[in-house]
Each structure stands twice: as C-alpha cells, then as structure tokens.
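# Remarks on the overall topology
Read off the chains here:
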Amino acid sequence: MLGGLAQAQTGTIRLMVGFPPGGGTDAIARTLADKLKDQLGTPVIVENRAGAGGQIAAQALKAAPADGTTFFLSHDHTISILPLVVKNPGFDPAHDFVAVAGFATFVNALAVSGGTPAKSMNEYVAWVRSQGAGKGTVGVPAPASVPEFLVKLIGQKYNLDLQSAPYRGSAPMIGDMLGNQIGAGVASIPDFIENHKAGKVRIVAVLGGARQPALPDVPTFAELGLAGFEDVPYYGIFAPTGTPKAVIDRFSEAVAKVIAMPDVRDRLTAMGLTVGHMPPQQLASRERAYTQTWARIIKASGFQAQ
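Residues numbered from 1 in each chain as written. Predicted model: local features only at pLDDT ≥ 70, side-chain atom pairs only at ≥ 80, totals over all residues. Heavy atoms only, no water.

Moving on: the overall build of the protein. Secondary structure summary: the protein contains 12 helices and 11 strands in total. The globule rule puts the C-alpha radius of gyration for 306 residues at 19 Å, and the 19 Å found for the protein is close to it. Overall size of the protein, expressed as C-alpha extent along the three principal axes, is 65 × 40 × 30 Å. Within the protein, the proportion of its 306 residues that are buried is 55%. Counting only contacts in the protein whose residues sit at least 6 apart along the sequence, the fraction spanning at least 24 positions is 77%. (Helix = DSSP H or I, 4+ residues; strand = E, 2+ residues; numbered from the N terminus. Rg over C-alpha atoms; globule rule 2.2 N^0.38 Å. Buried < 20%, exposed > 50% of the residue type's maximum accessible area, 1.4 Å probe, protein only. Contact = heavy atoms within 4.5 Å.)

Next comes the structure, spelled out in structure tokens:
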C-alpha cells in the first residue's frame, strides 16, 4: 500500500505547491491534503516551494526519490507553459514527471481593484483611457505566463498600452490589488473568487467557452470578441518518474474518492473550479494537448524563450 511505502521512508507524504501560502493553489492543496490523509492512512503535508512560477518546486520534484513520498500539485503554468517560455527550466515534464491524477479544470479571469470605478470590461477600458491616455499596468502571478499573454492580447484588442507586472504568485499580486497599488490583475478564478464575493475586487471577464457556474453574471472573453481561448487550463498531481505504478494508482484512486465528497466538491466548486477526476493516462493526454495549444499561441505571438 502507498501508506506503507510512505511511512517506511519519512512517515509523511509531501504534497508540494509551487506558490506561496494564501493563494488559490495553496488553498486547493490544503483542502485535498486534509482528506487524503484519511484515505491513505498517512499524514499528508503541504510544502510550499514558492518561486519562479513553480519552477523551484518542479526542480525539487525531479530531484525527489521516486518512492511515493513526494508529489506535486500544480496547474498548467508550471507543467505546460514554463517549458515553452524558459530555455533551461531545469526539468522536462515528459521525462522527469509522471501524471498521477487530474482533479479539476478552471479558467483565468481579469479582475479590477476596488479602487477603480469599473464594474465591467468596457468600463475598465474607459477608465484606463481616462487615467493614462490608454496606458495601464496589469498584475500577473508569474512572468511569461498565460495571464501575461492574455494582458498583451487584451491590449491589442482594445488598443491599450497595457504592461504586465509579474509577481511571485497570486497572493502578493492580490495584496497589491487590495491596497489599490495596481488597478487590475489576471489570474485564476480560485485566486480571485473570495475577494470578488466580498466586493474587494471585481471579476469583469473570464476565459473559457462558457460562463462559469460560480460567476454566472460575468461574460467570457469570447462574448466580448476575444475568441480562441476555449481550451481551459487544468489542475493535476504529479510524481517523479519511476514512482511505482501501484503507488500512482493508489494515490489517484484516493484523489477520486476525496473530490467525490460533497463538502470537498462544494468547496472546490465555490472556488471556481470545474471538478472531475482524470486518471493518470487522461491527465497525461490533457497535459500534452494543452501544451500543444499554447505552443502554437506563443509561437504566433513572436515570444522568444528566455
């Protein structure tokens, strides 16, 4: 059993997260870890290895023993996007990682700070034009990320000079939004949802092919005329290559049971996730398809890997 393998090594399972405490990914990981420990019969601790858009955590996963004690909970940025925008990320998902379980998809969103008067995308555009002759700054959780490419495309569509301000994760970015140090930000719905509900930030547009159940009144970018981003990002759990198949299958089954629990499903749905289990092969396939989609978009943008 996985619990036996883990206890033989450290007595715990590490579930690494590539972003700081307080952000959406951290909250998701802690929600799952709390229930996984009961399913696996082994303590599951969330370990934040923040920095470089998850690159530090991914490198740590590559270096970890493939014995069932270390897993990595990540969204698309670290697994699919970083290898496309960084010349030497220090890891290759196709060779260094094995997919364990997908558990949700989500969409990115544009949110405005409470200090702006905007309550819609058009009002935000008008506000930027009135404040700085079409110049504005938009926060993003990491450089060379999907949010950063989206900022560029929003600027092109609305003829605005929008500049991205990269942060080390969504939590510090949202902190600056709450302090009205920055007028807008692009991140995942789980990053924004609680402050949106509290009226501290306002989500004005979302990606994806349909409006989100958690935000039925917020239009999609496709509705606003910015189409081509219907392939939504994913959340998944990964392990070092070489981790025994029995360990991977056991962990994947545990994830499936956890996200089927009504309280967990309700919590994740309220955070803006579309919850659904993807076994290892399905997550691996989803990862490849999403990576190919964004490889085309990034190439077409003219971006050169740094």
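Attention now goes to the packing of aromatic side chains. A full pass over the atoms with the stated rule returns 9 aromatic pairs. Ring centres of F103 and Y235 lie 5.7 Å apart, and the angle between their planes is 25°; this geometry places the pair in the stacked category. Of this pair, F103 sits in strand β4 (residues 97-105) while Y235 sits in strand β10 (residues 234-240); the two residues are 132 residues apart in sequence, bridging distant segments of the chain. Across this residue pair, the class does not change: F103 and Y235 are buried. Considering the side-chain rings of F106 and Y235, the 5.0 Å spacing of their centres and the 40° angle between planes classify their relative orientation as tilted. Of this pair, F106 sits in the loop between β4 and β5 (108-113) while Y235 sits in strand β10, and the two are 129 residues apart along the sequence. Take F106: its relative accessible area is 2%, and that puts it in the buried class. Ring-pair connections join several aromatic residues into one group, and the members of that group are F149, Y234, Y290, W294 and F303. (Phe/Tyr/Trp six-rings, centres within 6.5 Å; stacked < 30°, edge-to-face > 60°.)

It is worth spelling out the pattern of salt bridges at this point. A side chain of one charge can pair with a side chain of the opposite charge if their charged atoms are brought near each other. What the rule picks out here adds up to 9 salt bridges. Salt-bridge contacts for R14 lead to E47; the nearest nitrogen and oxygen are separated by 3.0 Å. Placement of the pair is R14 in strand β1 (residues 13-17) and E47 in strand β2 (residues 44-48), with a sequence separation of 33 residues. Classification of E47 as buried rests on a relative accessible area of 18%. A salt bridge links E194 to R267; its shortest N-O distance comes to 3.8 Å. Taken as a pair, E194 in helix α9 (residues 189-197) and R267 in helix α11 (residues 262-270) lie far apart in primary sequence, 73 residues in all. Exposure remark for E194: the relative accessible area of 43% places this residue in the partly exposed category. (Salt bridge = Lys/Arg side-chain N within 4 Å of Asp/Glu carboxyl O.)

One number sums up the size of the largest pocket: a volume of about 330 Å³. Lining the largest pocket we find 21 residues, and of these F97, V98, A99, A284 and E287 sit closest to its centre. Looking at the lining of the largest pocket, the elements with two or more residues in it are α4 (76-85), α5 (93-96), β4, α10 (245-259) and α12 (280-301). By residue number, the principal contributor to the lining of the largest pocket is α12, which donates 6 residues. Here the lining of the largest pocket is built from residues that sort into 12 nonpolar, 4 polar and 5 charged. Volume-wise, the second largest pocket comes out at about 210 Å³. (1 Å grid on protein atoms, 1.4 Å probe; cavity = no way out; pocket = protein on both sides within 12 Å on 5 of 7 lines; lining within 4 Å. Points joined across faces, edges and corners; volume = space filled by probe spheres on them. Nonpolar A, V, L, I, M, F, W, Y, C, P; charged D, E, K, R; others polar.)

Soluble, globular proteins show a tendency: their nonpolar side chains are buried together. Residues F103, L110 and F192 are the most contacted members of the largest nonpolar core, which totals 101 residues. In terms of residue count, the dominant contributor to this core is α10 (7 residues). F192 has contacts with A109, A111, M173, I174, M177, G185, V186, A187, V201 and I203, leaving out every residue within four places of it along the chain. (Core = buried A, V, L, I, M, F, W, Y, C linked by side-chain atoms within 4.5 Å.)

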